[in-house]
Amino acid sequence: MNKLFIGFTLAALLVPAALAQPPAAQDIVAAADKTRNPGQPFRLTNTLVEYIGGQARDRVVLVVFAKEDKQTHQFSNLVRYVDPPRDLGKMVLMNGSNMWFYDPSSKVSVRISPQQRLMGQASDGDVVTANLAKDYTAKLIGEETLQDADRQNRDCWHLDLAAASDEAIYSRIEYWVEKGTFHPVKGKFYSDSGRLLKIAYYHKYVEQLGGMRPSETIIIDAVDQNLVTTMTNADMRPQDIPDAWFQREYLPRLKVE
Amino acid sequence: MRTAVAFCFVLCAAMPADAQENGDLDRIPQAVQNEPAEPAAPQSNAHGTYYAEDDFALSSARGDLAVAVPPPTSSDWSNRTSLDAFDQWTLSERLSFTFSDRFSLTEADGIGFPAEASRNALREAYFTWEPVTQTFVEFGRINLKNGIALGFNPTDFFKANTAVSQASADPSTLRSDRLGTLMLRMQTIWDGGSATFVYAPKIHTPRQIVGADPGWIDPSFDQTNTTDRFMLALNLEVADFSPQALIYHESGRTKAGLNLSYPIGQSVIAYGEWAGGNAPDLIAEAIAFGKATGTLPAVAPVVPPTSASRAFQNDLAVGASWTSEKKITLNLEYHFHQAGFTGADWRGWFDVGGANPALAPELWYVRGYASAQQQPMSRHQIFLRADWQDAFVTDLELSGIAFVNLTDGSGMMQVAANYNLSDAWSLGAYAGGTFGGRRSEWGSLPNASSAIFQVVRYF
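How each quantity is defined
Note on numbering: residues in each chain are counted from 1, in written sequence order. The order in which chains are written sets their letters, starting at A; the order in which ligands are written sets their numbers, starting at 1. Only residues with pLDDT of 70 or above have their local features reported here, since the model is predicted, and side-chain atom pairs are shown and tallied only from 80 upward, although totals for entire chains, interfaces and linings are computed over all residues. Excluded from the side-chain calculations are hydrogens and water; all other atoms, namely the structure's heavy atoms, are used. The helix and strand labels rest on DSSP assignments: H or I over at least four residues marks a helix, E over at least two residues marks a strand, and numbering proceeds from the N terminus. Each residue after the first adds 1.5 Å to the expected span of a helix. Remark: exposure states derive from per-residue accessible area (1.4 Å probe, protein chains only) relative to the maximum for the residue type, with buried under 20%, exposed over 50%, and partly exposed in between. Whether two residues touch is decided by their heavy atoms; if any such pair falls within 4.5 Å, the residues are in contact. Salt bridges are counted wherever a side-chain nitrogen of Lys or Arg sits within 4 Å of a carboxyl oxygen of Asp or Glu. Take the buried Ala, Val, Leu, Ile, Met, Phe, Trp, Tyr and Cys residues and link them wherever side-chain atoms come within 4.5 Å; each set so joined is a nonpolar core. Two parts placed together each lose some accessible area under a 1.4 Å probe, and adding up what both lose gives the buried area. Any N or O atom pair separated by 3.5 Å or less is treated as a polar contact, with the protein-specific requirement of one donor-capable and one acceptor-capable atom, and with residues adjacent in sequence counted only for side-chain atom pairs. The criterion for an aromatic pair is that two Phe, Tyr or Trp rings (for Trp, the six-membered ring) have centres within 6.5 Å, with stacked assigned to planes under 30 degrees apart, edge-to-face to planes over 60 apart and tilted to the rest. In this scheme, the term charge over a ring applies when either NZ of a lysine or CZ of an arginine sits within 6 Å of the ring centre and within 35 degrees of the ring normal. Note on geometry: axes are C-alpha line fits, over the in-contact stretch for helices, and angles between N-to-C directions span 0 to 180 degrees. Under the scheme applied here, ten amino acids are nonpolar (Ala, Val, Leu, Ile, Met, Phe, Trp, Tyr, Cys and Pro), four are charged (Asp, Glu, Lys and Arg), and all others, including Gly, are polar. Note on terminology: angles under 35 degrees are roughly parallel, angles over 145 are roughly antiparallel, angles of 65 to 115 are roughly perpendicular, and the others are oblique. At least two DSSP bridges between two strands are required for those strands to pair. Patches in this entry comprise residues that are over 30% relatively accessible and not in a salt bridge; like charges within 9 Å are linked, as are nonpolar side chains (Val, Leu, Ile, Met, Phe, Trp, Tyr) within 5 Å. The accessible surface values rely on the Shrake-Rupley method and a 1.4 Å probe; as for residues, cover is taken only from the protein chains in view.

Draft legend 1. Local environment of helix α7 (residues 360-372) of chain B. All names here are of chain B. Given a rise of 1.5 Å per residue, 13 residues ought to cover 18 Å, and the 18 Å separating the end C-alpha atoms of α7 matches this to within 8%. Where α7 is concerned, the buried positions are Ala360, Glu362, Leu363, Trp364, Tyr365, Val366, Arg367, Tyr369 and Ala370. Taken together, the buried residues of α7 touch α5 (282-292) and α6 (343-355).

Structure (structure tokens):
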């Protein structure tokens, strides 16, 4: 009886203590991944607007087809440019290290490196659909109250992510995830040389494909101090995507209805 | 003291992240803050690309050539206005039609208006039928391109006699605008690979590569469909190499080909492209073609002297691309064209031309033939390409190319600047030239330098 009582008392004391502990860093990142990424193949329309010195300059509209690879758990993406007219029909395939750019005017597919992937507008998709928990080892730095893109205070876990596989596009990521909701609020993305490349703010959470997901990501270019890009996701819907689509020979075949 | 430290710790823990961490919020434009909370998908009904382009060119000629160029002398200026269209229409769930065309009007000294000034290039016009999911049957004029390299594509078996006038000498641009070939193409794609079969019929005898004067709307099948041709290609996604194996056959000539590429680290793509088969060398092939099309008399001698026998000829392009964090991409390639000129062939070319000027037209014909075939003239060359996106300012692209003959050190280079003024307008400027000794491949050409100014309006 006494042992039972002591055990009950210990449990009563320990449970609140356990509840007060934050989840494991890797679990936080995995939960944040699920917030950004639907658990099914999908397509969406992505509008990128580049602001130079605060003024909107370039607008690019992309249709993105995305599917999680069963082996790597990373998203394979097919990106097709639909606007402006000079870029219409250009395609980018991102399937692990198998990445190709297709230009309908030259009818040629050119293989691109991860570094080239970071150059084009389609590259900013990395900060949206990457499954970070798979390719990075996360460490919890602390808990902070951070302003989101709408200058609302958010209580966040501050995490430091180090690349743990060859598939990782960035060498290091600083990541702020809101406590409770597991909504990503902010990310800072670094190159191999330790250079800060871009800062991403995730906001405008709306219901999309069965979950609350950020409909807009603001990307502040850390290299070009005048450049800010917004990525707006709309028309997100389930899409049956055969694996055969994710190869270069399919690029000229992709139809966007 | 401990209490004070503890108080400070609690206070700090409860404070927002330091102001520095949110300092970047000030860089978010006000216009972004004012956007609606839930944006709608943008509407875009465009399915084709239409644009008008004007290219104004100036060029300077080289004097005192080692081998004189036969007349007519080319104009030292030109202006070309082009209308360009590429579109695709979905006719039913499994049937579509693709159309690609360019009409150009050229003004220059010595070009008669309108007969010689007007040219229409029907690049593509073909139907695509998908009878079974991921299996495609296509028929019509199709621009089929193979090859992973940039400067020379040994496996690009359908490139001969397809070039259309272009502002830039960059091979990437030249491949963008050329005539397709009338063909039947069948392709099936599965998870991890694809197979393609092509049959291109002979429907015309070949046109002369110099002196021909087709009508402005001539579809030029006498350039693209002058022999029966077959090709089989197999693509596989294997161990990151993305291999493509090809077999190509045309009247009495069979070639095999292979394309490979492989990523190295974050910034490098290494690639290689090979094709090989029995064929005569460039000189023998050019002279034979000239005689067959009536450009050269049947009794014309083979100059410079060469063997008329066929042998296994290898073509190879190996190289790598490297991309920096500052959006600069460099390509370096080595090209081996076994049928091309050796050092001895070049010496023979200059010796014959110097000793017997009457043979100059035939000597230049050989070089014109290689150009029409889009083959390197020489056996060994290197190719360099540099491209810098968003150079200094957003939407400015600076690029440069160079070909260098490894035997005589001569070469050609071009630098280009392209700037997107808006979604509708683009500006371009190109400057290029050739360098080398008087008895070298590039230093013997009549064109010393050129500059081109380009305006493009997209619709």
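Draft legend 2. Fine view of the pattern of salt bridges. As enumerated under the stated definition, the model contains 30 salt bridges over all chains in all. Between B:Asp240 and A:Arg111 there is a salt bridge, with its nearest N and O atoms 4.0 Å apart. With B:Asp240 in the loop between β8 (229-236) and β9 (244-250) and A:Arg111 in strand β6 (residues 108-111), this pair bridges two chains. The partner of A:Glu178 in a salt bridge is A:Arg154, with the nearest N and O atoms 3.4 Å apart. Taken together, the residues A:Glu178 in strand β9 (residues 172-178) and A:Arg154 in strand β8 (residues 153-163) connect sequence positions 24 residues apart. For A:Glu178, a relative accessible area of 13% translates into the label buried. Using a relative accessible area of 28% as the deciding quantity, one classes A:Arg154 as partly exposed. The structure contains a network of salt bridges with shared partners spanning B:Glu53, B:Asp84, B:Arg102 and B:Arg123.

Draft legend 3. Layout of the nonpolar core. The biggest cluster of nonpolar side chains holds 39 residues, and the ones touching the most others in it are A:Leu132, A:Leu159, A:Leu161, A:Ile173 and A:Tyr175. When residues no more than four places from it in sequence are discounted, the contact partners of A:Leu161 are A:Val29, A:Leu132, A:Tyr136, A:Thr137, A:Ala138, A:Ser171, A:Arg172, A:Ile173 and A:Tyr175. Within the second largest apolar cluster, 31 residues are counted, among which are A:Leu251, B:Ala149, B:Phe383 and B:Trp442.

Draft legend 4. Structural view of the interface of chain A and chain B. Contact with chain A, which involves 79 residues of that partner, is made by 86 residues of chain B. Summed over both sides, the interface between chain A and chain B buries roughly 6700 Å², with carbon and sulfur atoms accounting for 47% of that surface. Across the chain A-chain B interface, the total number found is six salt bridges. Where chain A packs against chain B, one counts 30 residue pairs in polar contact (both at pLDDT 80 or more). Here the side of chain A that touches chain B takes six residues from strand β13 (residues 227-238) of chain A, the largest share from any one element.

Draft legend 5. Layout of the packing of aromatic side chains. Under the criterion given, the structure shown has 22 aromatic pairs over all chains. Among the aromatic residues, those joined into a cluster by ring pairs are B:Phe341, B:Trp346, B:Trp349, B:Phe350 and B:Trp364. When the ring centre of A:Tyr190 is taken as reference, the NZ or CZ atom of A:Arg172 above it lies at 4.5 Å. Over the ring of B:Trp349 we find B:Arg367, and its NZ or CZ is 4.9 Å from the ring centre.

Draft legend 6. Spatial organisation of the packing of α6(B) against α7(B). All names here are of chain B. As a packed pair, α6 and α7 sit with axes 9 Å apart at the nearest point and diverge in direction by 145 degrees. Between α6, through Trp346, Trp349, Val352 and Gly353, and α7, the contact on the second element is made entirely by Leu363, Trp364 and Arg367. The residue inventory of the contact of α6 with α7, partitioned by class, reads five nonpolar, one polar and one charged.

Draft legend 7. The arrangement of the packing of α5(B) against α7(B) in detail. Residue and element names in this part refer to chain B. It is at 9 Å that the axes of α5 and α7 come closest, and there the two elements cross at 100 degrees. The pairing of α5 with α7 is recorded here as roughly perpendicular in orientation. For the pair α5 and α7, the contacting residues are Leu282, Ile283, Glu285, Ala286, Ile287, Phe289 and Gly290 in the first and Glu362, Tyr365, Val366, Tyr369 and Ala370 in the second. For the contact of α5 with α7, the per-class residue count stands at nine nonpolar, one polar and two charged.

Draft legend 8. Summary view of the pairing of strand β15 (residues 396-405) of chain B. Residue and element names in this part refer to chain B. Among the 10 residues that make up β15, eight are buried, leaving the element largely enclosed by the rest of the structure. Of the strand pairs in this sheet, strand β14 (residues 380-388) and β15 are connected by eight bridges, and their pairing is antiparallel. Along β15, the bridge assignment pairs Asp387 with Ser399. Hairpin connection of β15 to strand β16 (residues 411-420): five residues between the antiparallel strands, including Gly409 at a positive phi of 75 degrees.

Draft legend 9. Fine view of the side chain of A:Ser113. Tracing the chain through its elements places A:Ser113 in the loop between β6 and α3 (114-117). Dropping the residues within four chain positions of it, A:Ser113 is found in contact with A:Met99, B:Gln266, B:Ser267, B:Val268, B:Ile269 and B:Thr323.

Draft legend 10. Focus on a nonpolar patch on the surface. Where nonpolar side chains cluster on the molecular surface, the patch consists of B:Tyr50, B:Trp89, B:Leu91, B:Phe127 and B:Phe459 and spans about 510 Å² of accessible area. Given a relative accessible area of 54%, B:Phe459 falls into the exposed group.

Draft legend 11. Molecular detail of the environment of B:Arg175. Note on placement: B:Arg175 falls in the loop between α3 (171-174) and β6 (181-190). Put simply, B:Arg175 and B:Leu150 are 25 residues apart on the chain and 9.4 Å apart in space, counted from C-alpha to C-alpha. Not counting the four nearest positions on each side in its chain, B:Arg175 is found in contact with A:Ser106, A:Val108, B:Lys145, B:Asn146, B:Gly147, B:Ala149, B:Asn153 and B:Asp156.

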